[in-house]
Structure formats: structure tokens, C-alpha cells
Amino acid sequence: MQLSEQEILRRENMQQLRELGIDPYPPEAFEVTAYAKQVKEGFKDGEGETPNFQEVSLSGRLMGSRVMGKASFAELQDTTGRIQVYIARDEICPGEDKDLYNKVFKKLLDIGDFIGVKGFAFRTRMGEITIHVKELTVLSKSLKPLPVVKRDEEGNVYDAFTDPEQRYRQRYVDLTVNPEVREVFLKRSKLISAMRRYFDGQGWLEVETPILQPIHGGAAARPFATHHNTLDMPLYMRIANELYLKRLIVGGFDGVYEIGKMFRNEGMDRTHNPEFTSMEIYIAYKDYNWMMAMVEELLEYIAKAVTGGTQVEYEGKMINYAGPYRRLSMYDSIKEYTGIDISEMDEAALRQTCKSLHIEVDSSMGKGKLIDEIFGEKVEEHLIQPTFITDYPIEMTPLAKKHRSVEGLVERFELFVNGKEIANAYTELNDPIDQRERFEDQLKLAERGDEEAMALDEDFLRSLEYGMPPTSGLGIGIDRLTMLMTDKHSIQEVLFFPQMRPQKKQEGEPGAEPGAEA
RNA sequence: GAGUCCGUAGCUCAGUUGGCUAGAGCACUUGACUUUUAAUCAAGGGGUCCUGGGUUCGAGCCCCAGCGGACUCACCA
């Protein structure tokens with residue numbers, strides 16, 4: 001592998017450290033007693049106050065230094081942020097031997113190296129809270145130069161590390177030099193933990209169900225197929241976990257939820273990654289009306305936990321997550337945005353309506369799909385504030401219970417925010433006879449050419465025959481919800497490691513894969 | 001999958017109608033400097049111009065193909 005000039009220099013610096021008796025990768029733990037943010041926010045040196053943080057120990061990456069002869073300022077970046085450190089030659093080298101300053105600090109340390117410092121906090125003439133270093137320890141040498149992103153006092157960024165490909169492929173670099181990226185993932189983590197906390201507080205049980213499934217049920221999507229050698233059978237990466245969670249309701253749990261990865265072998269773009277995180281929850285003895293109220297409470301709780309408030313800006317629009325949200329039936333929403341009442345139309349009339357609205361259709365589309373097309377084309381984009389769309393045509397929803405009062409509809413809602421679906425819920429179908437018929441209708445759609453039609457799962461039907469209590473279920477796309485809560489407009493920005501094409505191997509560099517050097 | 005744009009130093013980017021040895025800032029090296037902060041000052045090193053063909057006296061630039069990426073559109077969450 002061809003090393004750059006700077007990589008060679010860093011290796012030489014590492015060697016010289018060894019020659020000075022300094023292990024560039026010491027095994028000992030380094031005791032940390034304070035963090036950058038903590039010191040910067042908590043330091044007191046006002047009138048009549050005794051300064052605190054007078055004996056602290058911090059560690060982190062060296063992210064820049066300003067050497068002025070016998071004294072220097074450097075930037076130390078730990079997990080909480082950056083703090084300035086002051087290093088004076090005669091402080092860290094009290095004796096005759098000035099090597100630690102003149103050689104180690106000035107020559108052999110590089111940007112990106114992990115160091116530990118012990119000293120005391122003070123305020124410089126310029127007013128910056130700084131650690132006055134008494135002891136300096138090398139903790140880990142960095143052999144590859146990091147991009148150096150500079151910021152001036154107005155917050156302007158120079159030489160930003162912004163290339164999306166490099167940022168996603170080398171997320172560790174992105175996280176090191178772009179502090180705002182780290183914030184997004186902290187929020188993602190807060191979002192998931194808030195959700196979990198909310199569910200656990202209700203007494204619902206977090207469960208795990210199979211990722212490798214013999215039948216890819218519960219949703220309409222193309223799966224990843226794999227093969228189990230010992231059983232010599234095909235297995236599919238799950239596209240949904242719905243049918244397994246319902247089996248657990250059959251088995252007697254009143255509330256179960258799972259937060260986990262789903263896998264769909266479909267296109268990739270700024271809202272789709274082949275694997276994505278979804279939360280599904282099923283609560284016995286509830287219906288979709290109850291579930292809407294729960295979602296309102298949940299999202300308000302999450303918004304507060306993640307952003308501190310219920311108003312969250314997205315793409316310049318202020319989204320209000322405080323409930324209650326507007327509730328609108330699918331037919332009413334279409335009437336509102338097109339002026340057309342489709343509630344009494346048959347398939348031919350719907351097809352004609354699509355034509356008049358300039359919506360492309362094909363012969364494989366049934367009644368439900370046609371309605372979905374109209375909705376997707378004419379309504380979705382208008383649903384900016386959180387809005388529940390309720391009561392979907394039965395054809396497109398084979399796992400939901402028939403509507404209690406309107407023929408041809410099911411008890412389903414989707415929650416739309418900023419024109420995008422972020423939650424989907426039903427009053428679950430628990431009538432095993434009806435469920436079998438619905439699966440059979442799906443098979444007919446499949447024969448007609450609908451590639452997304454759902455497969456029939458005999459074991460699931462068997463479980464329903466034993467009896468499932470009335471139940472409401474809900475699914476939420478965690479990645480998309482994270483996008484909304486962090487004002488990020490592509491899914492890659494909320495996934496640490498979004499799926500990428502394989503990296504082109506460099507010539508003479510068979511170990512281009514990460515980790516191959518180790 | 002379709003369209004548009006892009007690929008030059010470790011990073012961010014210039015590079016004219018094709019014309020001398022391919023440039024800048026940061027980073028790096030050497031030197032000066034004991035409260036600086038995008039530190040400053042002086043000097044210096046660093047390039048497979050994505051890859052492979054082609055046109056040409058001559059290609060970073062033009063043509064063809066490929067690889068990789070970004071954006072927009074279509075489908076799934």
C-alpha cells in the first residue's frame with residue numbers, strides 16, 4: 001500500500017516515541033475525572049469565588065495546536081466536545097530534560113492522537129476556559145491524517161469535510177470532525193430510548209422475533225433470500241414481524257413490541273435503505289381509535305425527550321407534535337383535495353377518475369390500489385402537520401379488521417407528517433375465516449401480476465383459529481421519525497452505516513476493506 | 001431503472017479557446033515566538049489530474065467506453 005508523505009511521517013513519529021521509551025499504544029487505563037463540556041460549563045472563577053476543577057484529568061484527541069515557542073495552546077476533543085489546553089515547556093518538563101515538550105509535544109504528536117492531560121482549569125487573557133497542563137500522556141497514536149475542519153468566531157466553517165460518500169464510508173472520520181453529526185445520532189438514541197421508556201412504563205413487553213423467516217409475511221415487499229445449509233431450506237430476511245407479534249398476543253401477552261431491523265430488497269434513495277429500523281407494537285383489547293390517542297401521546301413524549309419541545313422544525317416548516325392530530329378518512333381526504341367523491345365508485349369508475357386526474361394506472365391494479373394511487377398523487381403532499389388518515393379500502397389491507405360500520409373499508413390509519421407516512425396501524429383482523437379469505441384474495445392479486453401481494457401463512461392462520469383477543473397494532477419507521485426529529489432529509493444522515501456500493505479496490509491494495517490492515 | 005452534474009495534493013477547491021516544469025488555502029516539514037484561538041511570520045516538500053482507449057505536434061481540458069459519486073424523477077417504509 002502506498003503511504004502518503006504524511007502517513008510516513010506519522011509512522012516515523014511513532015517510532016521515535018518508542019525510541020524515547022514512550023509506548024504509542026500503552027495498555028494502562030487512563031483515569032478521567034472531568035469532561036470538556038463539564039469544565040467549560042461548570043468552571044467558576046468569579047469575584048470572591050474559589051476556582052474549581054483545580055485538579056482534573058481529561059483525555060481525548062489532539063485536534064490542533066498553536067505553538068508559540070516555549071508555550072502552546074492545543075485543542076483537546078473528548079466525547080463531550082472540545083476544550084483548550086495550555087502547555088508550557090517548563091511546566092510539563094520541570095527538570096533539565098525538555099524532551100517531553102520539545103520533542104514529544106512539538107514534533108512527535110500529530111492531530112488525531114489521543115492524549116491524556118492532568119492539570120487545572122483557568123481562564124486565559126482572552127477569556128477562554130482552558131486546562132493548564134502539568135502532566136501529558138500519550139494514549140494512542142494516529143497514523144492517518146484527519147481532515148482539518150476550521151471554524152472562526154462567527155461560526156464559519158473552512159475546509160469542511162462534506163463529501164457524502166466519504167462521510168458515510170468513513171463515518172468514524174465524519175463523527176470525529178463534524179460535531180453536528182454526532183448530535184444527530186445522540187438524538188436518534190434518545191428517540192429510541194424515549195419510545196422504549198414510554199412502552200415499558202405502560203407495562204408492555206419488549207420481545208424479539210425471527211429475522212430469518214421461512215415465509216416472508218406481514219407486508220408487501222420483495223425479500224432478501226438466503227439458504228440454511230443444515231435444514232437445506234430457503235429462508236428470507238424478514239420484511240415485517242407482524243405475524244409473529246400477533247402469535248404472541250394469541251399466546252397470552254397483552255402488549256408486545258419489537259424495535260428492530262427489517263430488510264427489503266428494493267430500491268435505495270434518500271428515504272430507503274435496504275435495512276431499516278421499525279417499531280411494531282400490538283396491544284390486546286384495544287382498537288385503532290385507542291391507538292390514535294396513544295400515538296399522539298407517544299409522539300409528544302418523544303418530541304419533548306429528543307428536542308425539548310413539541311414544536312420541531314423540518315425543512316423550514318414548524319411541525320407541532322402536541323395532540324390531538326387531525327383525523328380524516330381516506331375518502332374525505334380525497335374529496336377535500338380533488339373535489340371528487342369516490343366512496344361509491346366501482347373499479348371502472350375509479351380507473352376513469354385516475355385518467356381524468358392524469359394518474360398513470362395499469363391493468364394489475366385493483367380497486368384498493370387505484371384509490372391508493374389517487375391518494376398518493378393528490379393528497380399526501382398536503383398533509384404537513386401530523387394527520388391521521390383513516391379507513392382504507394379493504395383490498396389493500398389484508399391484515400386489518402373490516403370497518404365496524406362502512407362496507408368495503410377496514411379499520412386502519414396511517415399517520416402523515418410533512419407529506420410522508422410515518423406510522424401505520426390497524427384494528428387487527430382476528431377472525432380466522434375472514435383472514436383466510438383475505439389471504440386468498442391476495443393470491444388472486446398475485447396471479448393478476450401484483451408482485452407485492454402477500455403470501456399465505458398457514459401457521460399464522462392456525463394461531464388465529466385458537467383465538468386472538470381483539471387487538472390493535474401499530475408500526476412506526478424509526479429512521480423516518482428520526483429524520484423528522486433531527487431535520488435531516490436523507491435516511492443516510494440518520495444511519496451510522498448506510499448501505500453503499502462496494503468500494504472500488506485500489507491497485508496493489510488487496511486490503512482496501514476496512515480492518516484489513518489490522 | 002431514467003435524466004442532469006461531478007471526479008485535480010491528506011482536506012476544500014481554482015485551472016481561460018488544448019500550449020512552458022499543474023496552482024491556492026488549510027494540513028505537513030524546517031526556523032522564530034511563554035496567554036494564543038481560522039495564532040502569526042519566513043522558507044520548503046508533497047500530484048497515477050478516477051481508469052482504459054482515441055484524436056492531436058501537444059490532453060487536467062476534446063471524443064468513446066468503463067468505474068465511482070451527488071442531485072432530480074419513478075417504486076417500496
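Source: prediction; values computed, not measured.

1. Description of the protein's contact with RNA strand B
In the vicinity of RNA strand B there are 51 residues, among which Glu5, Gln84, Glu266, His272 and Arg480 approach most closely. When the atoms of RNA strand B within 4 Å of the protein are grouped by moiety, sugar and phosphate amount to 54% of the total. Within the contact set of RNA strand B, a base nitrogen lies 3.1 Å away from a side-chain nitrogen or oxygen of Gln6. Between a phosphate oxygen of RNA strand B and a side-chain N or O atom of Arg169, the distance comes to 3.4 Å.

2. Remarks on the nonpolar core
Within the largest apolar cluster, 47 residues are counted, with the highest numbers of intra-cluster contacts made by Met195, Phe199, Met279, Ile302, Tyr321 and Leu474. When residues in this core are grouped by element, the largest group, ten residues, is from helix α9 (residues 288-307). Residues within four places of Leu474 in sequence aside, it is in contact with Met279, Glu280, Ile281, Met291, Met294, Val295, Phe413, Ala423, Asn424 and Ala425. With 39 residues, the next largest nonpolar core counts Leu245, Met330, Met365 and Ile389 among its residues.

3. Thoughts on the side chain of Arg247
Examined against the element boundaries, Arg247 turns out to sit in helix α8 (residues 242-250). Given a relative accessible area of 16%, Arg247 falls into the buried group. Looking at Arg247, its side chain comes within polar contact range of the side chain of Asp457, at 3.2 Å. Residue contacts for Arg247: discarding those within four places in its chain leaves Asp457, Asp459, Phe460 and Ser463.

4. A closer look at the UniProt feature "binding site: Mg(2+) 1" (unreviewed entry) in chain A
Within this structure's numbering, the places UniProt gives as "binding site: Mg(2+) 1" (unreviewed entry) are Glu414 and Glu421. For Glu414, the position within the fold is in strand β18 (residues 409-417). Residue contacts for Glu414: discarding those within four places in its chain leaves Thr387, Phe388, Ile389, Tyr392, Glu421, Ala423 and Asn424. Within the secondary structure, Glu421 is located in strand β19 (residues 420-427). Aside from chain neighbours lying at most four places away, what touches Glu421 is Glu414, Leu415, Phe416 and Arg480.

Scoring rules and cut-offs
Residues numbered from 1 in each chain as written. Chains lettered and ligands numbered in written order. Predicted model: local features only at pLDDT ≥ 70, side-chain atom pairs only at ≥ 80, totals over all residues. Heavy atoms only, no water. Near = heavy atom within 4 Å. Polar contact = N/O pair within 3.5 Å; in protein donor to acceptor, adjacent residues only side chain to side chain. Core = buried A, V, L, I, M, F, W, Y, C linked by side-chain atoms within 4.5 Å. Buried < 20%, exposed > 50% of the residue type's maximum accessible area, 1.4 Å probe, protein only. Helix = DSSP H or I, 4+ residues; strand = E, 2+ residues; numbered from the N terminus. Contact = heavy atoms within 4.5 Å. UniProt positions renumbered as here; feature names shortened; annotations may be inferred.

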